[in-house]
Amino acid sequence: MGLTILLGAQWGDEGKGRVTDLLAEDADVTARFSGGDNAGHTVTVGTGAAARTFKLHLLPSGVIQSRTVNVLGNGMVINPARLRGELAALAQGGITLSPERLKISHAAHLITPAHVALDKAEEDARGADKLGTTGRGIGPAYTAKISRGGLRAELFKDPETLADKIEAHVARVNRTLTGLYGAAPLDPAAIASEYAEHAQALAPYITETSLYLDGRLKAGAHVIAEGAQGSLLDIDHGTYPYVTSSSPTTGGVLTGLGVGARYIDRVIGVTKVFQTRVGEGPFPTEAFGAEGDRLRGTGANPWDEFGTTTGRPRRCGWLDLVLLRYTIRINGLTELVLTKLDVLSGLDRVRLCTGYRDPAGRLHAELPYGPSDLAPFTADYEDLPGWSEDVGGARQSSDLPAAARAYIERISALTGVPVSLVSVGPERSQIIRL
Ligand code: GDP
Ligand code: IMO
Ligand code: MG
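So, how was this worked out
Residues numbered from 1 in each chain as written. Chains lettered and ligands numbered in written order. Predicted model: local features only at pLDDT ≥ 70, side-chain atom pairs only at ≥ 80, totals over all residues. Heavy atoms only, no water. Helix = DSSP H or I, 4+ residues; strand = E, 2+ residues; numbered from the N terminus. Contact = heavy atoms within 4.5 Å. Axes fitted to C-alpha atoms, helices over the stretch in contact; angles between N-to-C directions. Parallel < 35°, antiparallel > 145°, perpendicular 65-115°, else oblique. Left-handed = near helix turned anticlockwise from the far one by under 90°. Nonpolar A, V, L, I, M, F, W, Y, C, P; charged D, E, K, R; others polar. Near = heavy atom within 4 Å. Polar contact = N/O pair within 3.5 Å; in protein donor to acceptor, adjacent residues only side chain to side chain. Areas by Shrake-Rupley, 256 points an atom, 1.4 Å probe, with all protein chains shown as cover. Donors = N, O, S within 2.8 Å, 3.2 Å for Na, K, Ca; no water. Buried < 20%, exposed > 50% of the residue type's maximum accessible area, 1.4 Å probe, protein only. Phe/Tyr/Trp six-rings, centres within 6.5 Å; stacked < 30°, edge-to-face > 60°.

Undergrad: Would you explain the side chain of Thr-285 in this entry?
TA: On the secondary structure map, Thr-285 appears in the loop between strand 12 (274-277) and helix 9 (289-296). Not counting residues up to four positions away in its chain, the partners in contact with Thr-285 are Gln-275, Gly-317, Trp-318, Asp-320, Cys-353, Ala-379 and Tyr-381.

Okay, here's the thing in structure tokens:
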């Protein structure tokens, strides 16, 4: 079956979790390859009183399907306290993950309270130029990895070395926290003993996951690589510096799992039918006032646009096809999955951004200078008629109002990529297969 890559095609929160869960019905393995608990992926199973909602931050969203093996790849940064919390919450819901069902790469990097404290201190020091990070220590943990001073999960197999390394790491970070930022120091011995406990709990899961995945792929298994964040948050290809510190794009899958390109079968981009972003940075199609509020929702519904990880209100606007064509290009997307079609019901018109105008009034269908320099451009729109019908009960294309079908077809035509699935609500069954 090979490797299905499933990525966020926008700035995150596209609905990757619910789509991974859906596709994982036919998968043998689901794997996260980048990021950490800055991600928040929601899976909703069942309706009415029987509905259950799972919020996943580190575990792949395939864990809800009973048959999958789940991998945390080497490209991830893992906060072990958060991981254990997530495992405990799942266990309470009846899902227990033995080492047969959960494998953590020995080469994944660990996040410690010192990374979290640094993330906060760095954000505070940026003042008005803050990035709006999730405060989970992601940037500092990747910084340590790249500068070759990181702590890898394999240390959980060697408690003595782990204790020495944690103490030295916290003492080193303390010098920065106190000397550079005037922040309070942390207790190296207390953190070392906390990590000794994490090591005991998590050591059985440590695996050479590249070797494991290669074996499964060679034997014909179906593996889903589940992206976290979104392509526009990519450290190289995103709206730098308003990005995360990893590569949530196709390139990141290969390095973040250590699998061969020969196995790639499908590259799916998940995108909402509108645009959202949380945190700072440029957003040409951002809608303000009543229009923005309408797309965000009031917070009354669990799917309204408030952060899964931080609870922050998301900035909302119209679907940006200039950016979508860009993420299709950098990832080699072979298909699109559209989410949240139901949210657009009841609008008189729906807008698609088809180009950007520069300050001289010239129209650009492609990004002239990449996504880090969006500020000078204004969005140029194509307006389409809206629809009033609730589409939450639609299960096939013919159940949709003609205007909704026309909107989907226009997205496909203007991007040149087929749309394979459209979701019309957060629940598993609320999906249309095209
Ligand atoms: P992820 O980070 O990409 O996995 O996405 P999040 O879980 O952070 O955010 C997506 C939100 O939209 C969650 O609350 C989902 O339950 C919800 N959601 C997903 N698909 C749909 C849909 O088709 N319609 C509606 N109304 N909500 C959806
Ligand atoms: P999922 O997987 C949306 C954003 C943060 C901030 C920037 C840097 O749920 O789609 P970081 O903590 O990573 O250093 O923050 O990236 N960000 C996300 N936005 N969804 C996410 O994950 C995100 N993960 C990080 O808001 O702007
Ligand atoms: Mg999310």
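Text resumes after the structure shown.
Undergrad: Please explain the packing of helix 3 (residues 113-126) against helix 5 (residues 159-179) as it appears in this structure.
TA: Taken N-terminus to C-terminus, the directions of helix 3 and helix 5 make an angle of 15°; their axes are 10 Å apart at the nearest point. Classified by the angle between their axes, helix 3 and helix 5 sit roughly parallel to one another. Once helix 3 is placed against helix 5, the crossing between them reads as left-handed. Taking contact as the criterion, the partners of Ala-114, His-115, Ala-117, Leu-118 and Ala-121 in helix 3 are, on helix 5, His-169, Val-170, Val-173, Thr-176 and Leu-177. Here the residues of the contact of helix 3 with helix 5 sort into seven nonpolar, three polar and no charged.

Undergrad: Help me out: how do you make sense of the site of ligand 2 in this one?
TA: By nearness alone, 20 residues border ligand 2, and Lys-16, His-41, Thr-134, Gln-229 and Thr-244 come closest of all. Separating an oxygen atom of ligand 2 from a side-chain N or O atom of Thr-134 is a distance of 2.6 Å. Between ligand 2 and Val-278 there is a distance of 3.1 Å, counted from an oxygen atom to a backbone nitrogen or oxygen. Split by residue class, the shell around ligand 2 holds seven nonpolar, 10 polar and three charged.

Undergrad: I keep staring at the site of ligand 1 and nothing clicks. Help me out?
TA: Close to ligand 1 lie 19 residues, the nearest being Lys-16, Gly-40, Thr-42, Asp-342 and Ser-423. One nitrogen or oxygen atom from the side chain of Ser-423 is found 2.5 Å from an oxygen atom belonging to ligand 1. One of the backbone N or O atoms of Gly-425 is found 3.0 Å from an oxygen atom in ligand 1. Considered on its own, ligand 1 offers 590 Å² of accessible surface; in the complex 98% of this is hidden by protein.

Undergrad: Teacher, can you tell me more about the coordination of the magnesium ion (ligand 3) here?
TA: Put simply, a metal with four donors set out as a tetrahedron has ideal angles of 109.5 degrees, and one with six donors set out as an octahedron has ideal angles of 90 or 180 degrees. Those donors, Asp-13 (OD) and Gly-40 (O), are the protein atoms that reach the magnesium ion (ligand 3), and they lie 2.0 to 2.2 Å from it. Taken together, the positions of Asp-13 in the loop between strand 1 (2-8) and helix 1 (16-23) and Gly-40 in the loop between strand 2 (29-32) and strand 3 (41-45) put the pair 27 residues apart, joining distant regions of the chain. Residue class for Gly-40 comes out buried when judged on its relative accessible area of 11%.

Undergrad: Would you explain the packing of aromatic side chains in this entry?
TA: For any pair of aromatic rings, the description consists of the separation of the ring centres together with the inter-plane angle of the planes. Per the counting criterion, the structure on display carries three aromatic pairs. Judged by centre distance (5.2 Å) and plane angle (55°), the ring pair of Trp-11 and Phe-283 falls under tilted. Of this pair, Trp-11 sits in the loop between strand 1 and helix 1 while Phe-283 sits in the loop between strand 12 and helix 9, and the two are 272 residues apart along the sequence. You can call Trp-11 buried: its relative accessible area is 3%. Using a relative accessible area of 7% as the deciding quantity, one classes Phe-283 as buried. Between the aromatic rings of Trp-387 and Tyr-407, the centroid separation amounts to 6.0 Å while the plane-to-plane angle is 50°, which identifies the pairing as tilted.

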